[in-house]
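Observations on chain architecture
Here is how the chains run, residue by residue.
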Amino acid sequence: MKCRVCNNEISSFMSFGKMPIANGFIKKKDLKKEYFYNLETCFCDNCKVFQIKKQPDPKKMFHGNYPFFSSLSKGMVKHFNSLSAKIKKNFLKKSDSFIIELGCNDGIFLKNFKDYKHLGIEPSRNVAREASKNGVKTISEFFSYKLSNKILKKNGNADLIYSANVMCHIPNINDVAKGISNLLKYRGVLIFEDPYLGDVIDKTSFDQIYDEHVFLFSALSVKNIFSKFNLNLFKVERLQTHGGSMRYYLRKEKKIKNYYNVNKIIISERKRKLHLMQTYIQFKKNCENFKKNFKNFLLQNKSKNINVIGYGATSKSTTILNYCNINKDLISQIFDITKLKQNKLSPGTHIPINNFDYNLNTKKDYYVLFAWNHKKEILNKELKNKKFRGKWYIPFPYNK
Ligand code: DWN
Ligand code: ZN
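Scoring rules and cut-offs
- Residues numbered from 1 in each chain as written.
- Chains lettered and ligands numbered in written order.
- Predicted model: local features only at pLDDT ≥ 70, side-chain atom pairs only at ≥ 80, totals over all residues.
- Heavy atoms only, no water.
- Helix = DSSP H or I, 4+ residues; strand = E, 2+ residues; numbered from the N terminus.
- Rg over C-alpha atoms; globule rule 2.2 N^0.38 Å.
- Buried < 20%, exposed > 50% of the residue type's maximum accessible area, 1.4 Å probe, protein only.
- Contact = heavy atoms within 4.5 Å.
- Areas by Shrake-Rupley, 256 points an atom, 1.4 Å probe, with all protein chains shown as cover.
- Lys, Arg positive; Asp, Glu negative; His and termini not counted.
- Charge placed at Lys NZ, Arg CZ, Asp CG, Glu CD.
- Pairing = 2+ DSSP bridges.
- Salt bridge = Lys/Arg side-chain N within 4 Å of Asp/Glu carboxyl O.
- Near = heavy atom within 4 Å.
- Polar contact = N/O pair within 3.5 Å; in protein donor to acceptor, adjacent residues only side chain to side chain.
- Nonpolar A, V, L, I, M, F, W, Y, C, P; charged D, E, K, R; others polar.

**Considering the overall build of the protein chain**
- When helices and strands are tallied, the protein chain shows eleven helices and 17 strands.
- In terms of overall dimensions, the protein chain is globule-like: its C-alpha atoms have a radius of gyration of 21 Å, near the 21 Å expected for 400 residues.
- Once the C-alpha set of the protein chain is aligned to its principal axes, its extents read approximately 65 × 45 × 40 Å.
- Across the 400 residues that make up the protein chain, the buried fraction comes to 57%.
- Contacts in the protein chain between residues far apart in sequence, at least 24 positions, make up 70% of those at least 6 positions apart.
- Element-wise, carbon and sulfur atoms account for 50% of the exposed surface of the protein chain, whose accessible area totals about 18200 Å².
- Between the mean site of the 73 positive side-chain charges and the mean site of the 32 negative ones, the protein chain shows a separation of 2 Å.

Rendered as structure tokens:
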């Protein structure tokens, strides 16, 4: 296949096997219609972009029934509130500034900019409706160069374009980068954040690899992708969110003083050999090792009649469960606060998803924290919950 960014010939270095749609939580009656594809990962030696081989049609993933709402995590609400204050202080000094968010989800970030000229773009219709209810001006579409022209005509150039955990979902990244460059003012800023490839490799957190995440970025790959569209990376920031992320700052303006921080991170990526295929071959071995150990842990519990429950029916858990072939014989159920996931089955492996119910739990039970990226928030919450008994199994970081 061809690299989505530079058209170089690439081939996969690993297969995670047959996968369903990661957020395709399904009712028993619909099981016959369940869709599967092969999840394989590639690394482009030319532009250094990590990507999956085949991505299902985006309309199969983002639609009128998308079950992920960012505001369900209090930690993430705080994260976006503090970022909003920082953006207002550093980048949007004028009250008539125009801010756009690509993939605004339920408005978790943009609701802080109601006093500004703003626009949220969210392809999942039900989630876009939530954003509108939260007072955010939202259109429900996929962003593209074509859409950038429509927005430009109607609203003019943007001072700031932001996205969180969205850019890595976009297969036609060149078209989107062209659209952003088209829409942004010369002195405007593009800021986006996504799970960081360096963390995935270091922590063996392969659960970040699923249909929606068509790319996993490093600073080097971001620089390579966006510079072709005159978007120059001038600053990066390490974040703790989603198991380790990176925030990227880009500008069209060429005269920017401080590239020091970008160069430093790119040098560190080279030291960690993120630009070399050998790293990904080792990553594959680490994933196989995780699979063996996790399966053993579950089999041992089964042999001792210990009940294992999943905590958080995350998109990420779809990769773990399907790659490791785990069904309800090994994990009896998964608890999740999301109404749209409850009383359905986990994609592919058909483990029941239920609302939290601690009435039957015992001290012996194990909870596999699939939402390990919210560890601090969840462990704090459960520490205060008198009904919570049982022990934690935290899959990542995985110590090889
Ligand atoms: O990139 C993406 C990220 C931002 O969000 C999307 N592709 C889809 C989604 O990924 P995810 O499903 O892996 O995200 P989370 O945030 O790890 O999902 C947490 C899940 O756990 C949600 O279903 C809500 C649930 N949850 C819970 O039951 N109790 C979460 C918290 C904090 C809780 O206390
Ligand atoms: Zn490439």
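**Description of the sheet that holds strand β3 (residues 50-52)**
- Taken together, four strands build an open sheet; the order of strands is β1-β2-β3-β9 and the sheet is antiparallel. Strands at the two margins of the open sheet, each flanked by one partner only, are β1 (12-20) and β9 (215-216).
- Taken together, the seven bridges between β1 and strand β2 (residues 36-43) define a ladder with antiparallel strand orientation. Note that in β2 the partner of P20 across the bridge is F36.

**Considering the pattern of salt bridges**
- Inspection of every chain in the model, using the stated rule, returns 16 salt bridges.
- Notably, a salt bridge pairs D45 with K48, separated by 3.7 Å at the nearest N-O pair.
- Looking at K48, the relative accessible area reads 16%, which means it is buried.
- When salt bridges with common partners are traced through the structure, they connect K86, E193, K235, E237 and R247 into a single cluster.

**Quick look at the environment of L340**
- In this structure, L340 sits in the loop between β13 (333-335) and β14 (344-345).
- Look at L340 and you get partly exposed, because its relative accessible area is 26%.
- Once the C-alpha coordinates of L340 and P171 are considered, the two residues, 169 residues apart in sequence, prove to be 26 Å apart.
- With near-sequence residues (within four places) excluded, L340 lies in contact with N65, Y66, P67, F69 and N126.

**A closer look at the sheet that holds strand β17 (residues 391-393)**
- The strand order β14-β15-β13-β12-β16-β17 describes an open sheet built from six strands, whose pairing is mixed. The open sheet terminates on both sides in strands that have one partner only, identified here as β14 and β17.
- Where strand β16 (residues 366-369) and β17 come together, three bridges link them in parallel fashion. If you follow Y367 over to β17, its bridge partner there is W392.

**Concerning the site of ligand 1**
- Neighbouring ligand 1 are 24 residues; E212, K316, D336, K341 and K381 lie closest to it.
- A distance of 2.7 Å separates an oxygen atom of ligand 1 from a polar atom in the side chain of K341.
- Coverage of ligand 1 by the protein amounts to 96% of the 710 Å² it exposes when considered alone.
- Elements represented by at least two residues in the shell around ligand 1 include exactly α10 (315-323) and α11 (375-383).
- Split by residue class, the shell around ligand 1 holds eight nonpolar, ten polar and six charged.

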